[in-house]
Amino acid sequence: MTSASPFPDPLAPGAFLLPGLVVVDATGADAATFLQGQFTNDVIGAGAGRACLSGYCTPKGRLLALPLVLALPDGALRLLVPREIVESLLKRLRMFVMRAAVTFERRDDLHCLGAHVPDADAAAALAQAVPGCPAVPFDALEVMNGESGSAVVQVCRWHDAFLPMPCRRYLIVATTTELARDDADGDTSWRHGDITAGVPRIGEATQEAFVPQMVNLQLVEGLSFRKGCYPGQEIVARMQYLGTLKRHMRRFVVSDPDNGANGDARVGGDGVVAGATLVTEADADAGRVVDAVRTYDGIELLAVVKIGADIAALRIGNAVLESRALPYTLPADAQADAAADAQADAEADAAADAPANGRANGRADAPADGPAMPADARETDDDEKTA
């Protein structure tokens, strides 16, 4: 990265402020049961020491939001929501409260911070980055609560990122912004990490664009198929059990020869932003961008694309997309790999059997007008073709 780059170093020591996230507390005797009936994940089963990424869908199964849910010691629940959609989410949730004893309150007195620390000696690195941090969460999505009176309220171990080297990530709720270093754009660093981790984000541009499995929500522990009903569950379950999924999320990079000098997520004048359409020469609707951020050497993005699409042919305007690996295996890719392996095994078995069958049937040196093939040999040949 050059010194002229307008983008922060994602691996710089210290925590950075995340102004794009808002804290909302759900309190009341029915808070947990109410949200259990609204969200795609098992918020009750997650327990007090574990965070829970969850989807909020329309009755048609389309995602409106992906709040992160944290349990509080008193039984209440805390939601971390993108600022751009927090009001629309709260308005919709309150529509369905009815007689339930639950209240939603924006906690503008609390702030979200992020920290990226190397894998080696993560505890020491986090303690140095965030003074007063409680015991360091070890497992992904594990949550630790701060001591009474501490500026650090909660710390959550988030999904690891690759920036470009692997690093551990921590999401922190604090009472002050003074713990954060002076960063030009902490949100970009955090979203960049989410993109490399294959964790989707729903904002204004992508509300109602995807069902949960399209953004791989089941692969990042954001979707439960064992809990009770919630809006859109029938659509989500049908897609899971009947195998009707036709799109999934992949990671891409748009290389930028200008090294980020433009300062926004644009290449060749065409916007590579959330909600933008991916095309090929043969398909004007091959996919849609979930999230995109400009980094110091180009643009990183997640996009939902058609399963079986020609990945090498995908474009966004004039921007050429380069596929990058996700830290998990897509079900469609696993099925394709299994099918390819089975085909390779079948071809190897057929090649191994062919010389033996030829010698057994006396056909290795038989002339073209030689004796007719025995019936049992014809049956063996037909079986190989079927396989």
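Everything below is about the structure shown above.
Counting starts from 1 at the beginning of each chain's written sequence and moves along it residue by residue. Per-residue local features are limited, in this predicted model, to residues with pLDDT of at least 70; the limit for side-chain atom pairs, both in listing and counting, is 80 or more; totals at the level of whole chains, interfaces and linings are taken over all residues. In computing side-chain properties, one takes all heavy atoms of the structure into account and sets aside hydrogens as well as water.

**Q** Help me understand the side chain of Glu142 in this model?
**A** Under the scheme used here, helices are H or I runs from DSSP no shorter than 4 residues and strands are E runs no shorter than 2 residues, and both carry numbers assigned from the N terminus. Position of Glu142 among the secondary structure elements: in the loop between α3 (122-129) and β10 (143-145). In this structure, Glu142 is buried with no salt-bridge partner, the nearest side chain bearing the opposite charge being Arg50 at 6.9 Å. From its side chain, Glu142 meets the backbone nitrogen of Asp139 in a polar contact 3.0 Å long. Two residues form a contact once any of their heavy atoms are found within 4.5 Å. Apart from residues lying up to four places away in sequence, Glu142 is in contact with Gly49, Arg50, Pro137, Val155, Cys156 and Arg157. Type-normalised accessible area, obtained with a 1.4 Å probe on protein chains alone, sets the label of each residue: buried when under 20%, exposed when over 50%, and partly exposed for intermediate values. By the counting rule applied here, Lys and Arg register as positive and Asp and Glu as negative, while His and the ends of each chain are not counted. By convention in these notes, a salt bridge is any Lys or Arg side-chain nitrogen within 4 Å of a carboxyl oxygen on Asp or Glu. Counted as a polar contact is a pair of N or O atoms within 3.5 Å, where, for protein atoms, one must be capable of donating a hydrogen and the other of accepting one, and residues adjacent in sequence contribute only when both atoms are in side chains.

**Q** Mind showing me how you'd approach α3 here?
**A** An α-helix turns once per 3.6 residues; consequently, residues spaced three or four apart project the same way. Buried within α3 we find Ala122, Leu126 and Ala129. Viewed end-on, α3 has its buried residues packed into an arc of 65 degrees, placing them on one side of the element. Working note: the arc is built from the helix axis to C-beta atom directions.

**Q** Explanation requested: helix α4 (residues 186-197) in the structure shown.
**A** Expected span of a helix: the number of residues minus one, times 1.5 Å. With 12 residues, α4 ought to run about 16 Å at 1.5 Å a step, and its terminal C-alpha atoms sit 17 Å apart, in line with that. The element α4 is extensively covered by neighbouring structure, given that 11 of its 12 residues are classed as buried. Of all the residues in α4, the buried ones are Gly186, Asp187, Thr188, Ser189, Trp190, His192, Gly193, Asp194, Ile195, Thr196 and Ala197. Directly after α4, the chain includes Gly198, whose backbone phi takes a positive value near 75 degrees.

**Q** What is the right way to read the sheet that holds strand β13 (residues 180-181) from this model?
**A** Note: strands within a sheet are paired through backbone hydrogen bonds, in either parallel or antiparallel orientation. Two strands pair under a simple rule: DSSP has to find at least two bridges between them. Strand order in the open sheet made by the six strands is β10-β11-β12-β9-β1-β13, with mixed pairing throughout. Edge positions in the sheet fall to β10 and β13, since each has one partner strand and no second. Inspection of the sheet shows strand β9 (residues 111-118) paired to strand β12 (residues 166-174) by eight bridges, in the antiparallel sense. Paired with Ala115 across the strands is Tyr170, a residue of β12. Note on geometry: axes are lines fitted to C-alpha atoms, helical ones only across the stretch in contact, with angles between N-to-C directions running from 0 to 180 degrees. Here α3 sits on the sheet and contacts β1 (15-17), β9, β11 (152-162) and β12; the angle it forms with β9, its principal contact strand, is near 140 degrees. Lying over the sheet, α4 contacts β1, β9, β11 and β12, oriented at roughly 50 degrees with respect to β11.

**Q** Honestly, the sheet that holds strand β3 (residues 52-53) in this entry has me stumped. Any pointers?
**A** Read across the sheet, five strands follow the order β3-β6-β7-β2-β8 without closing on themselves; strand pairing throughout is antiparallel. Across the chains shown, the open sheet's two edge strands, defined by having one partner strand only, are β3 and β8 (103-106). Bridge analysis of strand β2 (residues 21-27) against strand β7 (residues 77-82) gives six bridges, and the strand direction is antiparallel. Its bridge partner lying in β7, Val22 is registered against Val81. This element, helix α2 (residues 86-95), spans β2, β7 and β8 of the sheet and lies at about 165 degrees to β8.

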